[in-house]
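Take a look at the letters that make up each chain.
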Amino acid sequence: MSGFCPELSGDVAEVRDWVHAFARDVVRPAGAEWDEREETPWPVIQEAAKIGLYSLDFFATQWFEESGLALPVAFEEIFWGDAGIGLSIVGTGLAAAALSANGTPEQMGEWLPQMFGTENDIKLGAFCASEPDAGSDIGSIRTRAVPDGGDWIINGVKTWATNGGIANVHVIVASVDPALGTRGQATFVIPPGTPGLSMGQKFRKHGIRASHTAEVVLDNVRVPGSCLLGGRDKLDARLARVRNGERAGEQGAMRTFETTRPVVAAMAVGIARAAYEYARDYAREREQFGRKIGENQAIAFLLAEMATRVDVARLLTWRAAWMARNGRQFEQAEGSMSKLVAGETAVWVTEQAIQILGGAGYTRDHPVERFHRDAKIYTIFEGTSEIQRLIIGRAVTGLPVR
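Residues numbered from 1 in each chain as written. Predicted model: local features only at pLDDT ≥ 70, side-chain atom pairs only at ≥ 80, totals over all residues. Heavy atoms only, no water.

- As recorded by an unreviewed UniProt entry, the chain carries the name Acyl-CoA dehydrogenase and is attributed to Nonomuraea cavernae.
- The UniProt entry for the chain carries the following text under Cofactor (unreviewed entry): "FAD".
- UniProt annotates the chain under Sequence similarities (unreviewed entry) with the comment "Belongs to the acyl-CoA dehydrogenase family." (UniProt positions renumbered as here; feature names shortened; annotations may be inferred.)

Have a look at this one:
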């Protein structure tokens, strides 16, 4: 593709090395403990905040880096360390992306700092779109926002929310006109301490167990009109266009997901790379029948395939991130391609890593079993593999594939 060069600038390479050192020295040694505890790793987040890794400044600086590669590169390194802790560190970024994609400059200025806090007072953000009866089907969202004078009253239940219920700032997708489906939805900020918002059940998960995932219950939550992202005038104009049969523009939740797919793909690349490197190093040292197991073609060929797939996933991710940063349209659903390939690569590579280690790989004495558990979610959340194929299929055929 014209203009795309998979070579990192000096600044991006420097950030990569800095984040890798933190992942190696702080995140990875803590991974097994917090996976077992299934709790938010506040001490690790605090350490990330102290060095400026968990901060609005870091996320904003890397997001606006001119090549578009800085954030995916940093995320790959963090998740190479550990996916559960990694998601606890970067989970606020999804809420920040939703606010940035849909909010006014004034709203961003007010709420983004409150999502991160300071190194001595850590805050979290949560993006809440999925519901018990509306996972990938964003059009079936039942959470309802009703105007009441200058305020909005919101009722509903959100599920699968990273940082849900423990976040200081929640970003909520709600329906303002159910008859219009996704085109009748809007996005709201729920300020800290707003009455009526509470945490439902916290989920006990197969993987990424150090990352908090829970339901968010909204019971007559009242927020001022200033919490409607984009403002009332913009919403009313968009709804009027829809009711007149005109194009309304991209829906807020889908715009958020499309923006974040390459960085989510980068997380999966980090997990896959971690598993590949561990299996490779094991194969170099482990001896069976008088020689290193890596000398056997069956193992060497498998490692070759693992290395190749990791590189393919990374290159697709970098391409999508570069396109997004440089205003290139995803005409072939390149964002979904990166998420699809990276997620499925992570699952496959981590499974092969267990196979190379044999029985040892199936135990918690080695991290590859945790890598495998962590990888699976990347074929499910932020759009399942099936949804990604649907999006890609529609893009490449130009047909309403169902």
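From this point, the discussion proceeds with the structure in view.
## Thoughts on the nonpolar core
Inside soluble globular proteins, nonpolar side chains tend to come together where they are buried.
Here's step 1: Counting 104 residues, the largest nonpolar core has Ile89 and Phe188 as its most contacted members.
Here's step 2: The element best represented in this core is helix H9 (residues 252-285), accounting for 15 residues.
Here's step 3: Residues in contact with isoleucine 89, not counting those within four places in the same chain, are Phe22, Val27, Val44, Ile45, Ala48, Tyr54 and Phe59.
Here's step 4: Within the second largest apolar cluster, 11 residues are counted, among which are Phe4, Val12, Ala13 and Ala70. (Core = buried A, V, L, I, M, F, W, Y, C linked by side-chain atoms within 4.5 Å. Buried < 20%, exposed > 50% of the residue type's maximum accessible area, 1.4 Å probe, protein only. Helix = DSSP H or I, 4+ residues; strand = E, 2+ residues; numbered from the N terminus. Contact = heavy atoms within 4.5 Å.)

## A closer look at the packing of aromatic side chains
Here's step 1: Scanning the model with the defined rule gives 8 aromatic pairs in all.
Here's step 2: Counting every residue linked through ring pairs, the aromatic cluster contains Trp18, Tyr54, Phe58, Phe59, Phe75 and Phe116.
Here's step 3: The ring of tryptophan 80 carries the charged tip of arginine 28 above its face, separated from the ring centre by 3.7 Å.
Here's step 4: Across the ring face of tryptophan 348, the terminal group of arginine 309 is positioned such that the distance to the ring centre comes to 3.8 Å. (Phe/Tyr/Trp six-rings, centres within 6.5 Å; stacked < 30°, edge-to-face > 60°. Lys NZ or Arg CZ within 6 Å of the ring centre and 35° of its normal.)

## Let's talk about the packing of helix H3 (residues 56-63) against helix H4 (residues 70-81)
Here's step 1: The interhelical angle for the contact between H3 and H4, taken along N-to-C directions, is 125°, at an axis separation of 7 Å. Regarding the angle of H3 to H4, the classification is oblique. Every residue of H4 that contacts H3 at Phe58, Phe59, Gln62 and Trp63 is listed here: Ala70, Leu71, Ala74 and Phe75. (Axes fitted to C-alpha atoms, helices over the stretch in contact; angles between N-to-C directions. Parallel < 35°, antiparallel > 145°, perpendicular 65-115°, else oblique.)

## Some thoughts on the pattern of salt bridges
Here's step 1: All chains considered together, the criterion is met by 30 salt bridges.
Here's step 2: When the shortest N-O distance is used, the salt bridge between aspartate 177 and arginine 243 registers 2.8 Å. Placement of the pair is aspartate 177 in the loop between strand S6 (169-175) and strand S7 (185-190) and arginine 243 in helix H8 (residues 232-243), with a sequence separation of 66 residues.
Here's step 3: Lysine 292 is the salt-bridge partner of glutamate 287, the closest N and O atoms lying 3.2 Å from each other.
Here's step 4: Given the relative accessible area of 44%, glutamate 287 is considered partly exposed.
Here's step 5: A residue is classified by how much of its surface remains accessible, and lysine 292, at 26% relative accessible area, is partly exposed.
Here's step 6: The structure contains a network of salt bridges with shared partners spanning Asp35, Glu36, Glu38, Arg204, Arg209, Arg364, Glu369 and Arg373. (Salt bridge = Lys/Arg side-chain N within 4 Å of Asp/Glu carboxyl O.)

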